[in-house]
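Letter by letter, the chains look like this.
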Amino acid sequence: MSTPAGLELGPVAEEQKRRDLRRMKMVATGFLVGATIVFFVMRYLELRQGLAWAGYVRAAAEAGMVGALADWFAVTALFRHPLGLKIPHTAIIPRKKDTIGDALGDFVGENFLSEEVVRDKLGRVQVSQRVGTWVAQRENADRVTAELATAASGVVTILKDDVVQDLIEQVLVRKLLDKEVGPPLGKLLEGVLADGAHRHLVDLVCDRAYDWVTANQEMVLRVVHDRAPMWTPRFLDDMMADKLFTEVQGYAWAVKTDPEHPLRHAVDRFLTEFAKDLQSDPKTIERAERVKQQVVEHPDVQKFIGQAWGVAKGMILDAASDPSSELRSRVRDGLMSLGARLEQDAELRGRLDGWLADAAGYVVRHYRGEITTLITDTVAKWDAEETSRKIELQVGRDLQFIRINGTVVGALAGLVIYTVSQLVF
């Protein structure tokens, strides 16, 4: 059996509560002792001295004694057997601990974990608006970012490098190898061609080609001279080289400056046919698979795969530990942007609150029993005597007022009853 964690007190606090309880017990017992002394004194004065007024005080003291004793019995019976006598229905808390735990679990389940109560509470709290207002402030966004960075660092640190590396190699790389790369690449290329996004790349290639031709005139001349027959005159080779360079440069310029040049259209037709072949032509798909296999098996690629997790881990840890890193700045700015939008967008707040209410409703609808079982099982593990002692330390001081009130109220009731009886009889 364990000690109830929620009732644990520090040594100083527990000793203080123990002194307070002891003091209040002495006060309540003092009222009983006082009422007893008054009763015997008044009884003596009533019988031996014949003082009529002593009967009124004696009746009040007598009723006060009865009230004090009855309430002492009631308070004591909560925690233990009065005077050690195992009277039925005493030591209620130690004996009924499990029953109390079950009743507490049922009470919480019916009154706090009902779907209607949870939805109503969440609707009145307006979680999304409060979160948005809070996270829109820079200092709060920085705080959340720091906590997320700490959590990310903790998760990355505790992960075993060899396990993650095996996961990358066995799952990601194997999936890449098992799946044909041609059809998805063909579909992607087809989408790029449909959008015309490839034209920027074609423009760049044409620009580079023209610049290369212009910058390498001497190379063209040298190639012509090297390939020319030995018997042709030098000036004729120079004329042929200049003419060839001019034609090549002019053609490169035309391709560069004319968006409708036939070569550009030829490139478009080639890419379009290639995209279709990647998706449907078995030979092209097979060639793409061979290229993929060659790329994956390349030593540099294998080295990169082997070090992928280490590189990624280092990047994550560096970014998480540096408050000025780009990653943390982006996360913080994203949180602030989300907070500002939640403040301004009532429709978004409504959707988020609705999702939260649905999620909470699902949880309490399907797992209310498990949640209340947590209460009952926890209470069942508590040591009965220790639990009773802890509870008495928590509330016993206040319960002593019941004894005091019982003495006072009993005395007043006894006085009234005695007075009425004297008036009637």
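Residues numbered from 1 in each chain as written. Predicted model: local features only at pLDDT ≥ 70, side-chain atom pairs only at ≥ 80, totals over all residues. Heavy atoms only, no water.

(A) Broad picture of the UniProt feature "transmembrane region" (unreviewed entry) in the chain. As recorded in UniProt, the feature "transmembrane region" (unreviewed entry) lies at residues 26-45. Within residues 26-45, the helical portion is 100% and the strand portion 0%, while the C-alpha atoms at the span's ends are 28 Å from each other. (UniProt positions renumbered as here; feature names shortened; annotations may be inferred. Helix = DSSP H or I, 4+ residues; strand = E, 2+ residues; numbered from the N terminus.)

(B) Here's a closer look at the packing of aromatic side chains. Summed over the entire model, instances satisfying the criterion amount to four aromatic pairs. For the ring pair F39 and F40, a centre distance of 5.3 Å and an interplane angle of 70° mean the geometry is edge-to-face. Look at F39 and you get buried, because its relative accessible area is 16%. The class of F40 is exposed, set by a relative accessible area of 54%. Ring geometry for Y210 versus W253: centroids 5.2 Å apart, planes at 55°, classification tilted. Of this pair, Y210 sits in helix α10 (residues 198-215) while W253 is found in helix α12 (residues 234-257), placing the two residues 43 residues apart along the sequence. A relative accessible area of 17% means that Y210 is categorised as buried. (Phe/Tyr/Trp six-rings, centres within 6.5 Å; stacked < 30°, edge-to-face > 60°. Buried < 20%, exposed > 50% of the residue type's maximum accessible area, 1.4 Å probe, protein only.)

(C) Main features of the packing of helix α7 (residues 138-158) against helix α16 (residues 326-344). For the pair α7 and α16, the least separation of the axes is 9 Å and the interaxial angle reads 130°. It follows from the interaxial angle that α7 and α16 lie oblique. The hand of the α7/α16 crossing is right-handed. Of the residues in α16, those touching α7 at R138, A141, D142, V144, T145, A146, L148 and A149 are R328, V331, R332, L335 and M336. Of the residues assigned to the contact of α7 with α16, the class counts are eight nonpolar, one polar and four charged. (Axes fitted to C-alpha atoms, helices over the stretch in contact; angles between N-to-C directions. Parallel < 35°, antiparallel > 145°, perpendicular 65-115°, else oblique. Left-handed = near helix turned anticlockwise from the far one by under 90°. Contact = heavy atoms within 4.5 Å. Nonpolar A, V, L, I, M, F, W, Y, C, P; charged D, E, K, R; others polar.)

(D) A look at a negative patch on the surface. Together, D102, D106, E110 and D377 give the surface a local cluster of negative charge. Of all the elements, helix α4 (residues 97-111) adds the most residues to the negative patch, at three residues. Assignment of secondary structure puts D102 in helix α4. (Patch = residues over 30% accessible without salt bridge, like charges linked within 9 Å, V, L, I, M, F, W, Y side chains within 5 Å. Areas by Shrake-Rupley, 256 points an atom, 1.4 Å probe, with all protein chains shown as cover. Salt bridge = Lys/Arg side-chain N within 4 Å of Asp/Glu carboxyl O. Lys, Arg positive; Asp, Glu negative; His and termini not counted. Charge placed at Lys NZ, Arg CZ, Asp CG, Glu CD.)

(E) Examining the environment of G339 more closely. Topologically, G339 is positioned in helix α16. The buried category is assigned to G339, whose relative accessible area is 0%. Along the backbone, G339 and A141 are 198 residues apart, and their C-alpha atoms lie at a distance of 9.0 Å. In contact with G339, other than residues within four places in its own chain, are G132, V135 and A136.

(F) Layout of the pattern of salt bridges. A complete count under the given rule lists 21 salt bridges for this structure. In this structure, R365 engages E115 in a salt bridge whose closest nitrogen and oxygen atoms are separated by 2.9 Å. On the criterion of sequence distance, the pair formed by R365 in helix α17 (residues 346-381) and E115 in helix α5 (residues 115-125) is long-range, its members being 250 residues apart. Accessibility expressed as a relative area gives 45% for R365, which makes it partly exposed. A salt bridge links E286 to R290; the shortest N-O distance between them is 3.4 Å. Within this pair, E286 and its partner R290 are both found in helix α14 (residues 282-297), separated by four residues, close to a single helical turn. The class for E286 is partly exposed, based on a relative accessible area of 47%. R290 gets classed as partly exposed once you look at its relative accessible area, which sits at 44%.

(G) Molecular detail of the confidence of the model for the chain. Here the chain averages 82 in pLDDT, while 88% of its residues score no lower than 70. In the model of the chain, helix α11 (residues 217-227) stands out as the element of lowest mean pLDDT, 68, in contrast to helix α2 (residues 53-79), which has the highest, 92. (pLDDT = per-residue confidence, 0-100.)

(H) Quick look at the environment of R287. Counting through the fold element by element, R287 comes out in helix α14. R287 gets classed as exposed once you look at its relative accessible area, which sits at 54%. With 105 residues separating them along the chain, R287 and G182 place their C-alpha atoms 8.7 Å apart.

(I) Region of interest: the packing of helix α9 (residues 182-195) against helix α13 (residues 262-280). Where α9 contacts α13, the axes come no closer than 7 Å and their chain directions differ by 150°. Between α9 and α13, the angle falls in the class roughly antiparallel. The way α9 lies across α13 gives a crossing that is left-handed. Between α9, through G182, P183, L185, G186, K187, L189, E190 and L193, and α13, the contact on the second element is made entirely by L271, T272, F274, A275, K276, L278 and Q279.

(J) Here's a closer look at a nonpolar patch on the surface. Taken together, the side chains of V416, V420, L423, V424 and F425 define a hydrophobic patch exposed on the protein surface, amounting to about 610 Å² of accessible area. In this fold, L423 is placed in helix α18 (residues 384-424).

(K) Region of the structure containing the nonpolar core. In this structure, L32, A35, F39, A61, M65 and A68 together form the largest nonpolar core, which totals six residues. Residues contacting A68, with those up to four places away along its chain left out, are L32, R403, G406 and T407. With five residues, the next largest nonpolar core counts V108, L113, V118 and A360 among its residues. (Core = buried A, V, L, I, M, F, W, Y, C linked by side-chain atoms within 4.5 Å.)

(L) Spatial organisation of unusual backbone geometry. With a phi angle near 65°, H89 is a residue other than glycine that sits in the positive phi range. In this model, A91 sits at a positive phi of 50°, which is unusual for a non-glycine residue. Residue position: A91 is located in the loop between α2 and α3 (92-95).

(M) Spatial organisation of the environment of R43. Structurally, R43 can be placed in helix α1 (residues 11-49). Sequence spacing of R43 and G55 is twelve residues, and the spatial spacing of their C-alpha atoms is 7.2 Å.

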